[in-house]
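One-letter residues, chain by chain:
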Amino acid sequence: MDDERGIATVSDAAFLEVQRLLNREAALLDRRDYAAWFDLLTEDVKYVVTARVSRPAETGPLDYAIIDEDADTLRLRVLQIGDPKLTRAENPPTLTRRFVSNLEVEAAGPPNDYAAHTNLLVYRQRGTAPDGDFYAGRRRDLLRRDRGSLRIADRLVRLDHNVLFDGSLSIVL
Amino acid sequence: MNDVTSIANGDPWVDTANGTVSREIFVSEDVFCLELDRIFHRLWIFLAHETEIPNRGDYVVRTMGRVPVIVVREASGEVRVLLNSCRHRGTKLCRGEAGNARHFVCPYHGWSYALDGGLISTSYDEHLPADMDKADWGLVPAPKVESYKGLVFAAWDPGVSQLRDYLGDIAWYLDTLFWRTPGGMEVLAPPHRWRARANWKIGSLNFIGDGQHVATTHAGPSTLNRLHSKKAGFFVRGGESFQVVTDEGHGCTLTYLAPGMPEGNYLTHPPALRDAYAEVLSARQISMMHHLRVMVGNVFPNLSFIENQVALGEKAVLIRQWQPISGTETEVLSWVLAEREASAEYKDRALKHGFHNFGAGGVFEQDDLELWASATQASDNPIAQRFPFSFHSSLPFDSAPIENARGPGRAYKPSNTEVAQLAFMRRWDAAMQPGD
Ligand code: FES
Ligand SMILES: [Fe+2]
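Rules used throughout
In this numbering scheme, every chain counts its residues from 1 along its sequence in written order. Key to labels: chains lettered from A, ligands numbered from 1, both in the order written. Only residues with pLDDT of at least 70 get local features here, since the model is predicted, and only at 80 or more are side-chain atom pairs given and counted; chain-wide, interface and lining totals rely on the full set of residues. The side-chain values count all of the structure's non-hydrogen atoms but skip hydrogen atoms and water molecules. Secondary structure elements are defined from DSSP: runs of H or I of at least 4 residues count as helices, runs of E of at least 2 residues count as strands, and each element is numbered from the N terminus. Values of the radius of gyration come from C-alpha atoms, whereas the globule rule sets the reference at 2.2 Å times the count of residues to the power 0.38. Working rule for contacts: check all heavy atoms of both residues, and any pair within 4.5 Å makes them a contact. Note that accessible areas follow from Shrake-Rupley with a 1.4 Å probe, and for residues the cover is restricted to the protein chains shown. Lys and Arg are tallied as positive, Asp and Glu as negative. Neither His nor the chain termini are counted. Just so you know, the charge point we use is NZ for Lys, CZ for Arg, CG for Asp and CD for Glu. Only protein chains enter the calculation, and the probe is 1.4 Å; a residue is then buried if its accessible area is under 20% of its type maximum, exposed if over 50%, and partly exposed in between. Residue ranges for the domains originate in an automatic or database domain assignment. Buried area counts how much accessible surface, traced with a 1.4 Å probe, disappears from two parts once they are put together, with both parts' losses summed. The salt bridge definition used is simple: a Lys or Arg side-chain nitrogen within 4 Å of an Asp or Glu carboxyl oxygen. Here a polar contact is taken to be a pair of N or O atoms separated by no more than 3.5 Å, where protein atoms must pair a possible hydrogen donor with a possible acceptor and residues adjacent in sequence count only if both atoms sit in side chains. Pairing of aromatic rings covers Phe, Tyr and Trp, the last counted by its six-membered ring, and requires centre-to-centre distances within 6.5 Å; plane angles under 30 degrees mean stacked, over 60 mean edge-to-face, and any other angle means tilted. Here an angle of 0 to 180 degrees is reported between the N-to-C directions of two axes, which are lines fitted to C-alpha atoms, with helices fitted over the stretch in contact. Left-handed describes a crossing in which the near helix is turned anticlockwise from the far one by less than a right angle; the clockwise case is right-handed. Three classes are used: nonpolar for Ala, Val, Leu, Ile, Met, Phe, Trp, Tyr, Cys and Pro, charged for Asp, Glu, Lys and Arg, and polar for all others, with Gly counted as polar.

J.: Any chance you could explain the overall build of chain B here in plain terms?
T.: A tally of regular secondary structure across chain B gives 12 helices and 22 strands. For 436 residues, the compact-globule formula gives about 22 Å, and the C-alpha radius of gyration of chain B, at 23 Å, lands near that figure. Dimensions of chain B, computed from C-alpha atoms along their principal axes, come out at roughly 75 × 60 × 35 Å. Long-range contacts, defined as pairs at least 24 residues apart, comprise 65% of the intrachain contacts of chain B with a sequence gap of at least 6. In the form shown here, chain B has an accessible surface area of approximately 16,500 Å², with 50% of it arising from carbon and sulfur atoms. Considering chain B, the positive charge centre built from 41 side chains and the negative charge centre built from 51 side chains are found 5 Å apart.

Printed below as a string of C-alpha cells:
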C-alpha cells in the first residue's frame, strides 16, 4: 500500500469529499481540538510515522517507524498532549500550521474505500524560540465509510528526515 | 584554562562536600572542548550493537565526541573502528548512516581502502615516490576496540584498561539486560536519532538515578499508564528501590515489584525464554530479575540503558546514547532490543512498546527534552552561572551504602536521592583533572 503505482482516478465528488475531510482534520489539529479530531478516526485506527536511514543509493531506502500506534496507544498519546496538566512539551502549547497538498485519491481495497496520498508540511513554533521548525513528509491515509461518514482508518506518514531536529515529536502529523 | 575550577568565577566545578555543581559545565564551549580531550577522545565510548552489523562488510557510521567513525565488520568477522576521513584530503568515505561495502572508495580522487582500513590504491600509484609506504596510509583505526555482550566500544587512548575492567561491577547488571539468553540480544530496528538542545550530561544524570523527576516531569504517562493498565487488567506496581554506584562513575537505579505482586516468574518476560535465563545468568542475577520492575542506568560517560515494565506483556530493553555536539546540543540515539530467541510477535510488541515510551516521539521522552532544553537555555548566561546546581539530597546518604544489596557495587536507599548523580559528577570531575 505504500507505493503509489497506478493511482486510479476517482470521481470528482469522491475527491472533494476526501479533500474536505483532510482539510477539516488539519484545522482541528492546528486548533488542538483533539476530541473532535478523534471523532474523524475509525475505532480501529492505526497511526505510523517513519523516518529514513541515510544509505547509499545502491542499497535502497530504509524507512523505520518512530511512532507506531493503535487506537488505544494513540488515545493515550493524545490525552497526554491535550491535557495541560499531563504535558510539559505542549504546555505552553506549541503553535502549528499544517499544509496538506498534492492530493491524489485512489480506490482502496475493502474494508477501506479510498487511499489518499498527500504532501505534508507542518510549521511549528515552540515557546519564544526565534525560529520555527518544519516537518515534511508524504502521507498515505486509508479512508473508510464508518458510522455514516468517511473516516481515517490508517495513516502512514513517511517523514523526509533522518535526524529529528526539534527534540522529540510531541504533535500528531 | 587547565584547572578544574570555574572559568567565570573560580568556584569548583564539582563541590562534593557541599553538594553543588557549577552550571557552567552544562553550557560552556570551553568546558565542552576540554571534555572532548579528556573524556570522549580518550575513554571507552559506546558505538554500536554487534547485531547492527551482522555480515561481512556491514557498517554503521557513528561519532565519538567530534570524531566521525565507521564501525565495520571486516572480512575476518572482527569489528573495526576507522576514522571516517580519507587520508588523502579528508573526504568522508561513508556519507550515509549505514550500508554494506566490499571496500571503501573515496569519492574525491579515488583512493580505495580494504574493510580493515588498509590502503589498496591511490588510483595514481605510478606517480608516488618510491619510498612512500602505502602501509602507513590506511584509514586511521581506533587503537582500542572491544565488545562486551554485544555492546561495541572503542577508545582513542591506547593506554585505556581492558573494557571488562573499565565496566567493573556494572557488567553484572548489563549481563541481565544484554546477555540473558544463550543467543544474546538483538537490535530490532535502526536507532532513532534526534537533537536535544541540552548538554549531554543532563541525559546521563537523568538515567543514572533521577527518581525525583518521574512524578512531576512524567505526570502524563504516569497517570495515563495507570488508566491504561486498569483496562489491561494489570498494573505493575513498583515497591522497594535503590541506587547502585560502581567504580568509574557507572551506576543504575533498580525498582522492585511492590509486595503482593506475583513474583518469581519474571512477570512480563516471555514465558518461552524464562528457562533460558538460567543457562547464562547466575542464581543471584536471576533472583534480582525475578523481582525487578525497572532498571535504568548509565555507563560513564554517555551510554544509558533502561528496561521498564508497565503492564503485562509490555516491556522493552533500550539503549540510549547522549552524543555530544556542543556545550548546549546533543544528538540522542535510541535502540530497542529483544532476546534473539524471542518470537517475531514478541519482538514487534517490544519495539512498539519501546518507542511509544522512549524515542523520537516517546511519551516520556518529549517532556524530558523540553525541560532539559529550558534548563540549558536559562543557564547559558554569567548571572545564572554565579548560582550552582543543587545535588544536596545526595549528602545525607552519600557515605552510607546499605548492607545486603541484591547485586555488586555500592547500593543506597532510598532510590530518589541524588547519590548516583553525585557519583557521576565525581567521576566526571576526576576525568577532567589534567593528570587523570
Ligand atoms: S580526498 Fe580522498 S582521494 Fe582525495
Ligand atoms: Fe525522564
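J.: Just checking my understanding: could you explain the overall build of chain A for this structure?
T.: Regarding its fold elements, chain A presents 3 helices and 6 strands. The secondary structure elements of chain A, listed N-terminal to C-terminal, are α-α-β-β-α-β-β-β-β. Over its C-alpha trace chain A gives a radius of gyration of 16 Å, about what one expects of a compact globule, namely 16 Å for 173 residues. Along the longest, intermediate and shortest principal axes, the C-alpha atoms of chain A span 45 × 45 × 25 Å. Burial analysis of chain A (173 residues in total) assigns 52% to the buried set. Element-wise, carbon and sulfur atoms account for 53% of the exposed surface of chain A, whose accessible area totals about 7,900 Å². Charge centroids of chain A, computed over 25 positive and 29 negative side chains, lie 4 Å from each other.

J.: In this structure, what is going on with the domain arrangement of chain B? I would like to understand it.
T.: Many authors give the size of an interface as the accessible area that is lost as the parts come together. All names here are of chain B. One can read the domain layout of chain B as domain 1 (45–159) and domain 2 (168–432). Taken together, the contact between domain 1 and domain 2 spans 17 residues of the former and 23 residues of the latter. Taken together, both faces of the contact between domain 1 and domain 2 bury some 1,600 Å²; the carbon and sulfur share is 63%. The largest share of the area that domain 1 buries against domain 2 comes from Phe-46, Thr-51 and Lys-149, three residues that together contribute 33% of it. Across the contact surface, domain 1 and domain 2 share 2 salt bridges. Lys-149 is the partner of Asp-175 in a salt bridge, and the nearest nitrogen-oxygen pair spans 3.0 Å. Seen at the junction of domain 1 and domain 2, the total is 7 residue pairs in polar contact (both at pLDDT 80 or more). Counting residues per element, the ones that place at least two in the side of domain 1 that touches domain 2 are β3 (45–49), β4 (58–64) and β12 (151–155).

J.: What is the right way to read the packing of aromatic side chains from this model?
T.: Each aromatic ring pair is characterised by the separation of its centres together with the angle its planes make. Residue and element names in this part refer to chain B. With the rule as written, the count across this model stands at 15 aromatic pairs over all chains. When the ring of Phe-26 is compared with that of Phe-389, the centres are 5.3 Å apart and the planes differ by 55°; the resulting orientation is tilted. On the criterion of sequence distance, the pair formed by Phe-26 in the loop between β2 (20–21) and α1 (29–40) and Phe-389 in strand β21 (residues 389–390) is long-range, its members being 363 residues apart. Accessibility expressed as a relative area gives 23% for Phe-389, which makes it partly exposed.

J.: Would you take a moment to explain the packing of helix α3 (residues 170–178) of chain B against helix α8 (residues 283–291) of chain B for this structure?
T.: Helix-helix packing is characterised by the crossing angle of the two axes and by the distance between the axes. Residue and element names in this part refer to chain B. Relative to each other, α3 and α8 sit at 65°, their axes nearing to 10 Å. In the packing of α3 onto α8, the handedness of the crossing is right-handed. Between α3 and α8, the residues in contact are Trp-172, Tyr-173, Asp-175 and Thr-176 and Arg-284, Gln-285, Met-288 and Met-289, respectively.

J.: Just checking my understanding: could you explain the interface of chain B and chain A for this structure?
T.: Every contact between the two is made by 37 residues of chain B and, on the other side, 35 residues of chain A. By the criterion of area lost to chain A, the three top residues of chain B are B:Arg197, B:Leu224 and B:Gln366, representing 18% of everything that side buries. Along the contact surface separating chain B from chain A lie 3 salt bridges. Among the ionic pairs, B:Glu370 bridges to A:Arg126, the shortest N-O distance being 2.8 Å. The interface formed by chain B and chain A contains 17 residue pairs in polar contact (both at pLDDT 80 or more). Among the elements of the structure, β7 (98–100), β14 (192–196), α5 (214–217), α6 (219–232), α9 (344–357) and α10 (365–379) of chain B are those that each provide at least two residues to the side of chain B that touches chain A. Partitioned by chemical class, the residues of the side of chain B that touches chain A number 13 nonpolar, 13 polar and 11 charged.

J.: Explain the environment of B:Gly110 to me, please; I cannot follow it from the model alone.
T.: Residue and element names in this part refer to chain B. Inspection of the secondary structure puts Gly-110 in the loop between β8 (104–105) and β9 (112–113). For Gly-110 and Tyr-124, which are 14 residues apart along the polypeptide, the C-alpha to C-alpha distance reads 9.0 Å. Among all residues touching Gly-110, those that are not within four sequence positions of it are Val-105, Ser-121, Thr-122 and Ser-123.

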